[in-house]
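Letter by letter, the chains look like this.
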Amino acid sequence: MSDVPPNPSNKPPCSREDALAVLGRLRQAGQVAYFAGGCVRDLLLGLEPKDWDVATDAPPQRVRALFSNTQAVGAAFGVILVRHSKSVVEVATFRTEGAYSDGRRPDAVAFTDAEHDARRRDFTINGLFLDPEKREAGSDKREEVATPDGVVIDYVGGVEDLKNRILRAIGQAQQRFSEDHLRLLRAVRFAARFAMAVEEETARAIRVNAPRLRGISPERIADELRMMLAPATRAVAWPMLWSYALIDVIFRFLPSSEGVEFDARRSLFLRVAPGRAISFGLALAAGVLDYRMQGDHAADPIAFVTRKEIHAAARAMREALRISNEELDEMVGALEPLEHLLGPAEPALAIKKRFLARPTAGASRELIRAIASLGLHGERAGRLEAEFDELAKGEVAPAPLITGDDLLAMGMKPGPAFRRVLEAVYDAQLEGRVGTRAEALAMAKTMIENMKT
Ligand code: ATP
Ligand code: MG
C-alpha cells in the first residue's frame, strides 16, 4: 500500500526491538507473552507493523511490578503502557469481556487465557498471536503455524482468512456488532485497507446493525473515518459505506439521500485524486458534495456550494463527527471558492490570484478536476487549470503596495469603507492596473475623495 493511514491517537513510537525486550522480560519472569492483534496480521501480509502490542497472562499489578516505568492507561481493562528505551509498549492482560449495555464498552472484564482473549477480539485477522521466540510449530497443536517471524497461534481461523483475503467477525457476527457498534466502521476500514471481501454473515450483520452507529460518540466515528477516507483505499471504503447504509448515519444532519442507490460512475468522491492519499478535510468536502449529488444527479454541483449550503454542511459535520477546527476549516475552505470559480461569470484576475493564495487552493483544485472528470464545467475547469498553472509561476500574493497606515495618514477612519479602499487597491495591484506605491496611493486618494462627494 502506498500510503500509511494517519495515527489519530498520536501514540508514541514502538519499535520491534523494544517490544521484544519487554516480551522477553515477561517470559523471564515466568509469564506467557505474545505479540497480538494488528502487528501479527501486518507481518503475515508482508507489511511493516506500526505498533507491537504485547498480550500476557500477567495481571496488571504484576506487569507494573516487573517494569520500572509504567503507566496504567486502562488498568480496569488490563492495559499497561511500558516505557522501554525510546518506545512505549502496550501490554494487555488476556481478558474476556462481560455484557455490553451501552454499545461501546463492556460492563466488566475478567482476566483469562490466550484463547479467550483471542475470541473477544473483533475480526479473525485481528485475533492472532505471535510467539517470536519459537521457530517450529508444536506437532500436536492444531492452532500453531510456523512463519519466518516465529510461530503464529491461531484460535479463530485468522491465518486462513488472511490468505483468502476474507474479513470475518469472530464468533456470532450479529452479536459482535450489536455489542460494540464501532466495529461497523472498523470492518469497512480493514476490508478497504487490505482489499478483503467481507464474509456473508458478517456483511449481513453490518447491514442490520448500521443504524446503531448513531450510538457511537462523534469523536470515535471521526477517528475511524479519518483513517478510512484519507488513504488511497478510500475508493474501496466509500461504496461500502453506501452499500451498508452507514453513509446515512454519518451524513444524517444533511438533507437526506436515504434510500438512494450509489452510482459509482457519477461519484465525485471517487474522482478526487484517485490513487493518492488526501487530507481528511478534502475527503469530507468531496464526501459532502458527493452525498448531495448522488441524491440529485440532475443538479449542478454549484447548487451545493452556496454559502448557505456550505454553512449547513459544516454544521452537519461538526454535529456528526466533532472534528478539529483545522479539518473543518479545510473542508469549508476547499468548497467555498467553487461557487465563483465555476459560476456563470468568468472570474476576474484578482479573484483567481486571491484564490491561489488560499491555503486550501490545492484542495479546491482537486475538487474542480473531479467535477470536470464527471463531464461538468469541463471547459471552464480546463481554462482555469491552465491559467492557475501559469499564475502559480509568478507571485500570486505580493505584499500590498499600501496598508491601513497609509489610509490613516490620509485622515481616513477605520471601518467598512476603509477596508473597501484597501481591497480595491490590492485588486488593482494583482491585476496590474497599479504598479507602484505612488500609483496605489493616488488611487486610494481618488477613491476617498469620490466617497466624500
Ligand atoms: P491498526 O493497524 O489500524 O492500529 P489494529 O489491529 O492494531 O489496527 P487497534 O485498534 O490498534 O487495531 O487494536 C488492536 C487490537 O485490539 C485489534 O487488532 C483487535 O484485536 C483488538 N480490538 C481493537 N478494537 C476492538 C474492538 N472494538 N472490538 C474488538 N477487538 C478490538
Ligand atoms: Mg494498532
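Caption draft 1: Just the sheet that holds strand β10 (residues 150–154), in detail. Judged by pairing direction, the sheet is mixed, and its eight strands sit side by side in the order β3-β4-β5-β2-β1-β8-β10-β9 without closing on themselves. Here the strands that pair on one side only, and so sit at the sheet edges, are β3 (70–74) and β9 (144–147). Within the sheet, the average angular offset between the axes of one strand and its neighbour, ignoring direction, is 35°. Taken together, the six bridges between strand β4 (residues 79–84) and strand β5 (residues 87–93) define a ladder with antiparallel strand orientation. The residue of β5 that forms the bridge with V82 is V89. Here helix α1 (residues 16–28) sits on the sheet in contact with β1 (33–36), β2 (54–56), β4, β5 and β8 (128–131), set at roughly 150° to β1.

Caption draft 2: Main features of the site of ligand 1. Near ligand 1, the surroundings consist of 14 residues, among which R41, N126, D180, R183 and R189 are the closest. Here D122 contributes a backbone N or O atom positioned 3.2 Å from a nitrogen atom of ligand 1. For ligand 1, an oxygen atom lies 2.8 Å from a polar atom in the backbone of N126. Here ligand 1 has 590 Å² of accessible area as a free molecule, and 80% of this is covered by the chains. Spatially, ligand 1 is embedded in the largest pocket. Within the residue set of the shell around ligand 1, elements represented by two or more residues are α2 (38–44) and α7 (183–193). When residues in the shell around ligand 1 are grouped by element, the largest group, five residues, is from α7. Taken together, the residues of the shell around ligand 1 break down into one nonpolar, three polar and 10 charged.

Caption draft 3: How the structure looks around the pairing of β1. Taking every second residue as pointing to the same face, both faces of β1 are buried, with A33 and F35 on one and Y34 and A36 on the other. Alignment of β1 against β2, held across three bridges, turns out to be antiparallel. By the bridge assignment, F35 is partnered in β2 with V54. Note that β1 and β8 share two bridges and pair antiparallel. Counterpart to F35 in the pairing with β8 is L130.

What counts and what doesn't
- Residues numbered from 1 in each chain as written.
- Chains lettered and ligands numbered in written order.
- Predicted model: local features only at pLDDT ≥ 70, side-chain atom pairs only at ≥ 80, totals over all residues.
- Heavy atoms only, no water.
- Pairing = 2+ DSSP bridges.
- Helix = DSSP H or I, 4+ residues; strand = E, 2+ residues; numbered from the N terminus.
- Axes fitted to C-alpha atoms, helices over the stretch in contact; angles between N-to-C directions.
- Contact = heavy atoms within 4.5 Å.
- Near = heavy atom within 4 Å.
- Polar contact = N/O pair within 3.5 Å; in protein donor to acceptor, adjacent residues only side chain to side chain.
- Areas by Shrake-Rupley, 256 points an atom, 1.4 Å probe, with all protein chains shown as cover.
- 1 Å grid on protein atoms, 1.4 Å probe; cavity = no way out; pocket = protein on both sides within 12 Å on 5 of 7 lines; lining within 4 Å.
- Sits in = over half its atoms within 2 Å of the grid points.
- Nonpolar A, V, L, I, M, F, W, Y, C, P; charged D, E, K, R; others polar.
- Buried < 20%, exposed > 50% of the residue type's maximum accessible area, 1.4 Å probe, protein only.

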